[in-house]
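# Chain and residue survey
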Amino acid sequence: RKVKWLLLFTLFFASFAILQNFLSVGESKSARCDDLESLKKRKCPDNKIENPRGSIKVAQNKPVTNRKKDVAEKLKPEQITQIQPQKLTLTLRSGEPQTFDLKFKRAEDYPIDLYYLMDLSFSMEDDLEKVKNLGTDLMREMKEITSDFRIGFGSFVEKTVMPYISTTPARLLNPCTGNQNCTSPFSYKNVLKLTDNGDEFNRLVSQQQISGNLDSPEGGFDAIMQVAVCEEQIGWRNVTRLLVFSTDAGFHFAGDGKLGGIVLPNDGKCHLENNVYTMSHYYDYPSIAHLVQKLSEHNIQTIFAVTEEFQPVYKELKNLIPKSAVGTLSSNSSNVIQLIIDAYNSLSSEVILENGRLPEGVSITYKSICKNGVEGTGENGRKCSNISIGDEVFFKISIESEKCPLHGKSETIKIKPLGFTEEVEIVLNFICDCQCAAQGQPNSEKCHEGNGTFECGSCKCNEGRIGRLCECSKDEVRTEDLDANCRKDNGTDICSNNGDCVCGTCECKKRENPAEIYSGKYCECDNFNCDRSHNKLCGGHGRCECRKCICDANYTGSACDCSLDTSTCLAKNGQICNGRGTCECGSCKCTNPKFQGPTCEICPTCPGVCAEHKDCVQCRAFEAGEKKDTCERDCSYFQLIKVKDRDKLPQPTDQSFPLTHCKERDANDCWFYYTYAIRNDTKEVFVVENLECPAGPDIIPIVAGVVAGIVLIGLALLLIWKLLMIIHDRREFAKFEKEKMNAKWDTGENPIYKSAVTTVVNPKYEGK
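Residues numbered from 1 in each chain as written. Predicted model: local features only at pLDDT ≥ 70, side-chain atom pairs only at ≥ 80, totals over all residues. Heavy atoms only, no water.

Per an unreviewed UniProt entry, the chain is named Integrin beta, and its organism is Mastacembelus armatus. Under Sequence similarities (unreviewed entry), UniProt gives the following word-for-word description of the chain: "Belongs to the integrin beta chain family." (UniProt positions renumbered as here; feature names shortened; annotations may be inferred.)

Attention now moves to empty space enclosed by the protein. Using the criterion set out here, one finds two cavities of 30 Å³ or more in the structure. Here the residues of the lining of the largest cavity sort into six nonpolar, four polar and three charged. In this structure, the second largest cavity encloses a volume near 80 Å³. For the lining of the second largest cavity, the element with the highest residue contribution is helix 9 (residues 288-297), accounting for three residues. (1 Å grid on protein atoms, 1.4 Å probe; cavity = no way out; pocket = protein on both sides within 12 Å on 5 of 7 lines; lining within 4 Å. Points joined across faces, edges and corners; volume = space filled by probe spheres on them. Nonpolar A, V, L, I, M, F, W, Y, C, P; charged D, E, K, R; others polar. Helix = DSSP H or I, 4+ residues; strand = E, 2+ residues; numbered from the N terminus.)

Moving on, we get to the nonpolar core. Grouped together as the largest cluster of nonpolar side chains are 38 residues, with contacts concentrated most on L114, Y116, M118, L134, L138, F149 and F153. The dominant element in this core, judged by the number of residues it contributes, is helix 11 (residues 336-348), at eight residues. Every residue in contact with L114, bar those within four places of it in the chain, is listed here: L138, F149, R150, I151, G152, L194, L242, V244 and I340. Formed by 31 residues, the second largest nonpolar core is a distinct cluster that contains Y188, I224, W236 and L295. (Core = buried A, V, L, I, M, F, W, Y, C linked by side-chain atoms within 4.5 Å. Buried < 20%, exposed > 50% of the residue type's maximum accessible area, 1.4 Å probe, protein only. Contact = heavy atoms within 4.5 Å.)

A few words now on the sheet that holds strand 1 (residues 55-60). Hydrogen bonds between backbone groups are what pair the strands of a sheet, and the pairing can be parallel or antiparallel. Read across the open sheet, the six strands follow the order 1-3-19-18-13-16; overall the sheet is mixed. Only two strands of the sheet have a single partner each, and these edge strands are strand 1 and strand 16 (383-384). Inspection of the sheet shows strand 1 paired to strand 3 (residues 87-93) by five bridges, in the antiparallel sense. Within strand 3, the residue paired with Q60 across the bridge is K87. (Pairing = 2+ DSSP bridges.)

A few words now on helix 13 (residues 609-622). With 14 residues, helix 13 should reach 20 Å at 1.5 Å per residue; the first-to-last C-alpha distance of 19 Å fits that figure. The largest bend in helix 13 comes to about 35°, at D615. Within helix 13 the residues assigned to the buried category are C610, H613, C616, V617, Q618, C619, A621 and F622. Elements that come into contact with the buried residues of helix 13 comprise helix 14 (631-634), strand 36 (639-643), strand 37 (659-665), strand 38 (671-679) and strand 39 (682-688). After helix 13 finishes, the residue E623 shows a positive phi value of roughly 55°. (Expected span 1.5 Å × (residues − 1). Bend = angle between axes of the 7 residues up to and from the residue.)

Right, dumping it as structure tokens:
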């Protein structure tokens, strides 16, 4: 028993000594954190290695609801579950992602709240007539989708200031021209809170009157903002929320309010008094980004029912607002019910996951597994399309922390499908300290008279103290006496310019790459400045210690690039380098300069194997050739085997010994084929027993061809001569005709006649 206790104490103190002396001279405390294999190689005891792992704990995992709308029992919206699980706790270690599965199922007979927001400017007069019966008709159609449907109604025109409307007293009472009876302009009015009474919808909408304004764009964004944020006044429930925005014009957005002298940004709060928006003259229009935020925050899916003229504008707006749709509204809104149903089916058939703000250093990735096993990654990993009621889709969600938060506290993030009220709550816990830190000894004597906390085998210094053992105060750092202890000799830099001198001891610098470390008493060593081979440190076959490679077994050389393995030098005959060289660094060095190749098997200057054995093969196989008379004496050194055709000859790929294919020609210009090989010191020759001789020429076709060629050439020459003569005659005739035309004179006179009368004129005669 005494021996047993003695051994335990010995092991304890030996382990304690290893922990205290684990770091080599010059190494920083951070070297205690390393990968598992490196710590084991450095003789760190297994029971002293802390390797905490991340984990996932599901706190709430209520299964998705299987509900039929024809069942008598009606469930409340909060009793319906479409996403599973609902709450998780993730423990994250830096660099180690945690992945969990999320299921989504579209519940049958899910409740729907629909709010119809209509433009009541003068151009929508005929549309209002069609909408007056919308309540009961839409109720009837939506019963096919859900048994729990509510509908509400609101209207908008424009801000009640110039230049959007005319502010003259008469126009404020009736903004329409002519005999039209219009109501006073307004910004937004909540006409009917969400209700399941379709007749009440029809009654109140029938009482609405058209209004008017001056400019073409309308103040619809003000109305959308109020519908989104005024949950109590509108009567939104935590169910599917649809907002139908009906107009035949464009929209004003943030900045346009300056035209009316309104410069305060929209505050995104509810300002309804008696169901009328009262701050339109005070706050500017909301921006598109502000609307996106509020619509997403309140889980509202928007359907833009607009005329064909403004389709391009609202389609661009749809691209900016998630979970929104655009439908083409007929000129009098007669198709509005079908438009709403089509848009709802389109929106509800797609699920898109979004997450809240992530803590600094935390990242999240999605992978979707949709219908028929279709997978999506990246941005497509967030969504699934073409989902029918009752379909289940799955998502794999990975969350990773790159670093610990500064405060190290828990964080909570939420993931939810756009347009749905349900969400997954995820609590993130971070592993930032080892368990041994909780067992630290404050003001330990191991840390220079209690100037630090001894935890995890090293000292964590108190405020104002530094050094490995907290032996110095900050005021003593970098004095000349202390710096002298950090120089290897007088001619070198402090800590070899690779570290800082702290209390007369070098603390080596850290590199950007944690795997690269300076070490040594003066930080003169490192593990990354060794020789490289193939762009790998120590050739990838060793480790770098103090700028020298320590090679693995079977490797040598300054860069561990010389392999001691001889298997790559084995020739086909099983000999190293074919017996003609030595194996150095995994490749053959041929001792005979005539031979070369990976295993010294090639001899470019040696007589060819085929030419060397040609005469003997010819005399033994065909009883011909130069050695016909001496065949038995000179050519009995190999075994001859005849085959019928070339396909029967052995192939190199089928043999485990050297094999050469030969093709030679005899005196009669006939070819013969054979192979030469050496197997187990026996020379083997396989030869094709039939010669391939060229066939003799066919005389008759040759003679006939020559005669026909001569005749054809003669005929061609005669035709060419005849053609040239015809061309020459035609040219001579044309020349004659031309000369004939040029010779013109009077045919009534003799061209050689000359008159005998001579007339002389006196130049002095003046005619007097």
